[in-house]
Amino acid sequence: MVAQRQPWHIVKPSQLHGNGVFANRDIPAGTRILQYAGKRLTPEQADAMFPVNPDDPFHTFFFALSNGKIVDGGQGGNDSRWINHSCAPNCEGHENSDGSRVFIVAMRDIAAGEELLYDYSLVIDDEITDELKQNYRCLCGAAQCRGTMIAPLPEDERRQAAADELREAAAELEAEMEQARNAPLKDAPAPEATAHDGEDKDAKKGKKDKKPKKKKGKKKDGKKDKKAEKKDKKDKKDNKKK
């Protein structure tokens with residue numbers, strides 16, 4: 001009798017969001033863990049459906065397939081619908097050859113007890129606004145978390161979006177500069193000149209000119225006079241001696 005192997009996964013409460021799917025035993029990289037099961041819908045049918053949980057209207061069990069169909073894990077689904085999102089996933093979805101089915105596959109070796117996570121990469125047809133990103137906010141806490149479960153824009157679209165933002169900022173700056181150029185200038189009032197201003201300036205100038213200048217040689221001349229007096233006294237003493 002062959003012993004039945006334990007399943008790869010187990011469902012239990014998650015610290016990220018609600019229920020989560022965890023490795024029930026060590027899972028080698030490349031392992032096909034389980035199929036993402038559910039009812040097939042058209043995009044129009046999916047858009048017309050009411051939220052599964054009205055209190056959490058942005059939570060979805062939809063998984064888009066390349067054949068144009070959408071798998072609704074909330075109808076006829078399996079444990080795969082409880083796998084949470086992460087911007088640093090350890091699993092990813094692999095489609096079969098005709099794009100009619102998708103399987104959750106381990107991207108790397110996953111240890112027993114580790115939560116299984118894949119990147120939802122939600123595709124939204126509307127304009128991606130900050131409010132929309134917040135509605136689909138990410139709670140994974142990974143170092144490279146992008147803050148939302150919405151799929152990142154392709155490189156060319158990111159560049160185009162950045163260029164559009166720059167052009168918009170330049171247009172706003174140009175409009176502000178044009179408004180400043182057309183604004184009327186406010187002339188500052190010139191100080192009123194009086195008849196006394198010129199007289200006061202001339203009077204001050206005259207006082208400055210009349211101020212006596214210092215003579216640098218005055219002290220030296222004083223020293224010379226004292227030396228001459230000493231010499232006269234000495235000559236008088238010499239005459240008395242004679």
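Look a little higher up for the structure.
Residues numbered from 1 in each chain as written. Predicted model: local features only at pLDDT ≥ 70, side-chain atom pairs only at ≥ 80, totals over all residues. Heavy atoms only, no water.

A. Local environment of the sheet that holds strand 6 (residues 70-72). Taken in spatial order, the 3 strands make up an open sheet running 4-6-5, and their pairing is antiparallel. Both edges of this open sheet fall to strand 4 (39-41) and strand 5 (62-64), since each of them pairs with a single strand only. Neighbour-to-neighbour, the strand axes of the sheet open up by a mean angle of 30 degrees, direction not taken into account. (Pairing = 2+ DSSP bridges. Helix = DSSP H or I, 4+ residues; strand = E, 2+ residues; numbered from the N terminus. Axes fitted to C-alpha atoms, helices over the stretch in contact; angles between N-to-C directions.)

B. Inspection of the pattern of salt bridges at higher detail. For the structure on display, the rule yields 4 salt bridges. Its salt-bridge partner being arginine 108, residue glutamate 114 comes within 2.5 Å of it at the nearest N-O pair. Shared partners join several salt bridges into a network, and the residues in it are Glu174, Glu178 and Arg181. (Salt bridge = Lys/Arg side-chain N within 4 Å of Asp/Glu carboxyl O.)

C. Expanded view of the environment of aspartate 119. Examined against the element boundaries, aspartate 119 turns out to sit in the loop between strand 10 (117-118) and helix 2 (130-135). The class of aspartate 119 is partly exposed, set by a relative accessible area of 23%. Between the alpha carbons of aspartate 119 and alanine 88 there is a distance of 7.4 Å; along the sequence they are 31 residues apart. For aspartate 119, the contacting residues outside a window of four places in its chain are His85, Ser86, Pro89 and Arg146. At a separation of 3.0 Å, a polar atom in the side chain of aspartate 119 contacts the main-chain amide nitrogen of serine 121. Within polar-contact distance, the side chain of aspartate 119 engages the side chain of arginine 146 at 2.7 Å. (Buried < 20%, exposed > 50% of the residue type's maximum accessible area, 1.4 Å probe, protein only. Contact = heavy atoms within 4.5 Å. Polar contact = N/O pair within 3.5 Å; in protein donor to acceptor, adjacent residues only side chain to side chain.)

D. View of the packing of aromatic side chains. By the definition in use, this model includes 4 aromatic pairs. With a centroid separation of 5.9 Å and 45 degrees between ring planes, the pair formed by phenylalanine 63 and tyrosine 118 is classed as tilted. Pair noted here: phenylalanine 63 is in strand 5 and tyrosine 118 is in strand 10, with a separation of 55 residues, a long-range link. No difference in accessibility class separates phenylalanine 63 from tyrosine 118, as the two residues are buried. Measuring from centroid to centroid gives 5.1 Å for tyrosine 118 and tyrosine 120, while their planes differ by 50 degrees, and the two rings are tilted. On the basis of relative accessibility, which here comes to 6%, the residue tyrosine 118 falls in the buried class. With a relative accessible area of 17%, tyrosine 120 lands in the buried category. In this structure an aromatic cluster arises from ring pairing among Tyr36, Phe63, Tyr118 and Tyr120. (Phe/Tyr/Trp six-rings, centres within 6.5 Å; stacked < 30°, edge-to-face > 60°.)

E. A look at the nonpolar core. Ranked by internal contacts, the top residues of the largest apolar core, which has 29 residues, are Ile27, Ile33, Tyr36, Cys91, Ile110, Leu116 and Tyr118. At the level of elements, strand 2 (19-23), strand 3 (32-35) and strand 9 (102-106) are the ones that each hand at least two residues to this core. In contact with tyrosine 36, not counting residues within four places along its chain, are Phe61, Phe62, Phe63, Val71, Gly73, Asn78, Ser80, Arg81, Val102, Phe103 and Tyr118. (Core = buried A, V, L, I, M, F, W, Y, C linked by side-chain atoms within 4.5 Å.)

F. Structural view of the sheet that holds strand 9. The 3 strands lie next to each other as 3-9-8, forming an open sheet whose pairing is antiparallel. In this open sheet, the two strands that pair with only one neighbour each are strand 3 and strand 8 (91-95). With strand direction ignored, the average angle separating the axes of adjacent strands in the sheet is 30 degrees. As paired strands, strand 8 and strand 9 are joined by 5 bridges and run antiparallel to one another. In the strand pairing of strand 9, glutamate 95 is matched with valine 102.

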